[in-house]
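# What the coordinates show
Listed below, chain by chain, are the residues.
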Amino acid sequence: MDDEPRLYRPRPRELPTNDERTLLASLNPDQARAVTFGDAPLLVIAGAGTGKTRTLVHRVAFLIERGVAPERILLLTFTRRAAAEMLSRAERLVGPAGARVHGGTFHSVGHRLLRQFGGAAGLPADFTIMDQGDAQDLMQLARGAQGHAKSAKRFPKKETLHYLYSRHVNTELPLDELLHREVPHFLEYEEQITALFADYTLRKQERNLVDYDDLLLFWATMLEASPDLAARIAGLYDHLLVDEYQDTNLLQARILRGMCSTHRRLTVVGDDAQSIYSFRGAHFRNILDFPKQFPGTTLVTLAQNYRSTAAILTLSNTLISRAEERFTKDLWTARDGGEKPWLVTAKDEAQQTRFVVDRVLQMHEGGVPLREMVVLFRAGYMSADLEIELTNRKIPFEKWGGLKFLEAAHVKDVLAFLRVSDNPRDEVSWYRILMLMPGIGDSTARALMASMQERAWDPDAFTHLIAPPRAREAHRSLATLLRQLRGVGAVPAGEEGGARVASDIAAIRALYDAILKEKYDRPEARLADLDQLRTISASYPSRTTFLAALALDPPSSTQDLAGGSESESDALVLSTVHSAKGKEWKAVFLIWAVDGWFPSSRAVEDPDELEEERRLMYVALTRAKDELAIVYPMQVYGTRRGADYSIDQLSRFLDRGVRATMQRIVVEEPGEPPAPTPAPAGQPAIDLRAIMRGRFTK
DNA sequence: TTTTGAAGTCTCTCC
DNA sequence: GACTTCAAAA
């Protein structure tokens, strides 16, 4: 493993061009102060666009320059995208040594440490990671065993149960208080819920399964419960740097305390105005309490924004000034001017889509690469209409966030086969594949699993089970496949590693494709997904690595790219606001700025949630460098019950004062026939300039 | 006991 | 508009 502790030995200089002076030359005094800070806790409050990542990356370079071994630096972030960005920038700045810096999301680092040290804490090394869907399915199995499956009274559903469980773990709130706060109408079930959670925990243990929360919980526990383990784990690193600290929760704070038990070289960076992950148990108080948690903390504040024009910043500052609680100051910029951001009123969704597409093409023709533009929205599904239009017009795009490739049912199906061969006790996957087989339903599946449990999940157990007559056929073909997957008999030469996983998938598909075609109306796209899965699998050394990587670092949707080659293509980015955090674009379009959509109607009841929505919109607006357009359709069809359409209102966050910092744009009706024909392939934008000229009135 | 068809239920954000 | 759950039929 490459996580073995290494000696702290002086290294030859690897930075001929980046001595400390050039390293600091590009930084402002506040940034430089943070970068060169010594060996004590450091809290950097850094507003949007103030060079937060830059500061962090330079600090890494500075530490390496000072002789700290790169592999003894740990960079923790919250999202995969941020982790990848941070590490690649470090490498660019520092050179090859930068690639040796350790880092990743809290979950992926936790995973690495568990594989390495879990054995010493009684966790078998070959555990399987469950994603959220799997965890919910396991919760459902436990729920069913308790007999709520068909009870008349309403008992919380598996999603709610899992949410409560996860919240309980991450916020450390006692269960009764949590129920009282989140779901008071379920308070009467407190006892059953407690029992259910105990069963869920037990099932995880028996089945050798680990959920996302466990990756953090076990990490924290190893640090707290065993001084010996704590010393070994904390001893791996001399410096810890944490990005987006406002999105951490109490559990993660515990981990940091444990990791810094032998030293106090901890740097955290964040912005309370961008705290948008409370649904994961994060609270921006965490960043404010940091000095209390780590006495002697030094505070550095970054307030100069280098990203946005003054006009965009005025809008963002005005919007966030309405926040109930606020700790960071307004940002300022040396960039002056800039066009006032647009507030675009569209008649309906179709017109909103047309506006965005036309404007994107217009800017593209003006020389802005597609990749420099982004369309942002509150939730993944809100871009559906836009995606269709972009596909029709052959404009390449890439979607971030929203439904993931491996959350698709057919992908999970195939993975389930791999997972039972990887971990024969994986009950969730067993249930899944058994239910796929013709002639096997819920009760047969449960009975078969019970028999296997009696045989201690012996890998051969399934073959020797006696299936009910109508499931004979299914049982036999499944048993044959599983034997094949377990590699009974010789592994063909040259089929170690990735080729092995790919051939496993081929074997699975020999059985599964027929089932898939039966199950879905239009199987083509789904079959293509499976091709993709096999391609991806080829780059992983083993089945176990492949499965773990999929859970922690899943590839995004397969239908990302509409036209254009997959690799270096210039593509418009569509993203949820959450997934866009930390990034910046020349031009930003925020769509669906409709009250009830953004803020989400689920959030308007609760003041705290509403405040979080406001911060979320702040995050969206501060992504823009030069141009910003907020779009909202006035009529929304078919969303409210009882009416064909409803007249919706502009988001409440864009009040009169905020609107005063914007300019209103009205999209004109297009000509009589409502443009049903997509542009012909090849040259989509040929006549657009003419159309565009007449479309906007200021 | 499984399958199939119909009614019902919410819609998010991420690891 | 997709997916789950429920009820009746095979």
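Predicted model, so just to flag it, every value in this text is computed and none were measured.

Each helix and strand counted, chain A has 29 helices and 19 strands in total. Split into buried and exposed, the 698 residues of chain A put 55% on the buried side. Of the contacts made within chain A by residues no fewer than 6 positions apart, 78% connect residues no fewer than 24 positions apart. Looking at chain A as shown, the accessible area adds up to about 30,300 Å², and 52% of this sits on carbon and sulfur atoms.

On to unusual backbone geometry, then. With omega at 10 degrees, the peptide bond leading from F598 into P599 counts as cis. You can see P599 is positioned in the loop between strand 15 (585-590) and helix 27 (607-621). Residues other than glycine seldom take positive phi values, yet W457 does so here, at roughly 55 degrees. Relative to the assigned elements, W457 resides in the loop between helix 20 (442-454) and helix 21 (461-464). Relative accessible area serves as the criterion here: at 7%, W457 is assigned to the buried category. Non-glycine residue W592 carries a positive phi angle of around 60 degrees.

The subject of this paragraph is the protein's contact with DNA strand B. Taken together, 28 residues sit near DNA strand B, with Q132, R378, S443, T444 and S579 positioned nearest. Across the atoms of DNA strand B situated within 4 Å of the protein, the share located in sugar and phosphate is 62%. Here a base oxygen of DNA strand B and a side-chain polar atom of R378 are 2.5 Å apart. Every element with two or more residues in the surface near DNA strand B is listed here: helix 20 and helix 26 (577-580). Looking at the surface near DNA strand B residue by residue, the class counts come to 8 nonpolar, 14 polar and 6 charged.

At their nearest, the axes of helix 6 (residues 132-145) and helix 19 (residues 427-436) sit 9 Å apart, and the two run at 85 degrees to each other. Considering their axes alone, helix 6 and helix 19 lie roughly perpendicular with respect to each other. Of the residues in helix 19, those in contact with D134, D137, L138 and L141 of helix 6 are E427, V428, Y431 and R432. For the contact of helix 6 with helix 19, the residue count by class is 4 nonpolar, no polar and 4 charged.

Time to look at the nonpolar core. W219, F417, W430 and F462 are the most contacted members of the largest nonpolar core, which totals 113 residues. In terms of residue count, the dominant contributor to this core is helix 23 (residues 497-519) (8 residues). In contact with W219, other than residues within four places in its own chain, are L76, F106, V109, G110, L113, D214, I233, I255 and M259. Among the nonpolar cores identified, the runner-up in size contains 73 residues, and A323, L390, I591 and V636 belong to it.

Right, let's get into the packing of helix 15 (residues 310-321) against helix 27. Across the interface, helix 15 lies against helix 27 with an axial gap of 9 Å and an inter-helix angle of 175 degrees. When the interaxial angle is binned, helix 15 and helix 27 end up roughly antiparallel. Within the contact between the two elements, helix 15 uses I312, L315, S316, L319 and I320 and helix 27 uses R614, R615, M617, Y618 and L621. A breakdown of the residues in the contact of helix 15 with helix 27 according to their chemical character gives 7 nonpolar, 1 polar and 2 charged.

Here we have 6 strands laid out as an open sheet, ordered 3-2-6-7-1-8, and parallel in their pairing. Lying at the two open borders of the sheet, with one neighbouring strand each, are strand 3 (102-105) and strand 8 (298-302). Within this sheet the neighbouring strands show an average axis-to-axis angle of 15 degrees, counted without direction. Along the sheet, helix 5 (residues 106-117) makes contact with strand 2 (73-77), strand 3 and strand 6 (239-242), crossing strand 3 at roughly 120 degrees.

A few words on helix 20. An ideal rise of 1.5 Å per residue puts 18 Å on 13 residues; helix 20 measures up with 18 Å between its terminal C-alpha atoms. Among all positions in helix 20, only T444, A445, L448, M449 and M452 are buried. For helix 20, the arc enclosing every buried residue in end-on projection is 130 degrees, short of the 170-degree limit, so these residues lie on one face. Among the exposed residues of helix 20, those oriented more than 90 degrees off its buried face are S443 and E454. For helix 20, the elements touching its buried residues are helix 19 and helix 21. Of the residues flanking the end of helix 20, it is A456, one or two places downstream, whose phi is positive at about 55 degrees.

Attention now goes to the pairing of strand 7 (residues 266-270). With 5 of its 5 residues buried, strand 7 lies for the most part within the structure. Neither face of strand 7 is exposed, since L266, V268 and G270 on one face and T267 and V269 on the opposite face are all buried. By the bridge criterion, 4 bridges tie strand 1 (residues 42-46) to strand 7 in an arrangement that is parallel. Bridged to V44 within strand 7 is V269.

Turning our attention to the pattern of salt bridges. Summed over the entire model, instances satisfying the criterion amount to 51 salt bridges. Here R307 ties to E584 by a salt bridge, and the two come within 2.8 Å at their closest N and O atoms. One end of the pair, R307, is in the loop between strand 9 (304-305) and helix 15; the other, E584, is in the loop between helix 26 and strand 15, with 277 residues separating them in the sequence. Residue classification places R307 among the buried residues on the basis of a relative accessible area of 9%. R509 is the partner of D513 in a salt bridge, and the nearest nitrogen-oxygen pair spans 3.1 Å. Taken together, the positions of D513 and R509, both in helix 23 and 4 residues apart, correspond to about one turn of that helix. We classify D513 as buried; its relative accessible area is 16%. Sharing partners across several salt bridges, the network here consists of K52, D243, E244, D247 and K581.

Along strand 6, one buried face is formed by H239 and L241 and the opposite face, lined by L240 and V242, is buried too. Here strand 2 runs beside strand 6; their pairing, made up of 4 bridges, is parallel. Paired with L75 across the two strands is L241, which belongs to strand 6. Looking at chain direction, strand 6 and strand 7 are connected through 3 bridges and run parallel. Residue pairing across strands places L240 opposite L266, the latter belonging to strand 7.

The rules behind each value
- Residues numbered from 1 in each chain as written.
- Chains lettered and ligands numbered in written order.
- Predicted model: local features only at pLDDT ≥ 70, side-chain atom pairs only at ≥ 80, totals over all residues.
- Heavy atoms only, no water.
- Helix = DSSP H or I, 4+ residues; strand = E, 2+ residues; numbered from the N terminus.
- Buried < 20%, exposed > 50% of the residue type's maximum accessible area, 1.4 Å probe, protein only.
- Contact = heavy atoms within 4.5 Å.
- Areas by Shrake-Rupley, 256 points an atom, 1.4 Å probe, with all protein chains shown as cover.
- Near = heavy atom within 4 Å.
- Polar contact = N/O pair within 3.5 Å; in protein donor to acceptor, adjacent residues only side chain to side chain.
- Nonpolar A, V, L, I, M, F, W, Y, C, P; charged D, E, K, R; others polar.
- Axes fitted to C-alpha atoms, helices over the stretch in contact; angles between N-to-C directions.
- Parallel < 35°, antiparallel > 145°, perpendicular 65-115°, else oblique.
- Core = buried A, V, L, I, M, F, W, Y, C linked by side-chain atoms within 4.5 Å.
- Pairing = 2+ DSSP bridges.
- Expected span 1.5 Å × (residues − 1).
- Arc of directions from axis to C-beta.
- Salt bridge = Lys/Arg side-chain N within 4 Å of Asp/Glu carboxyl O.

Note that every value here comes from positions in space, so none of it alone points to a role or purpose.
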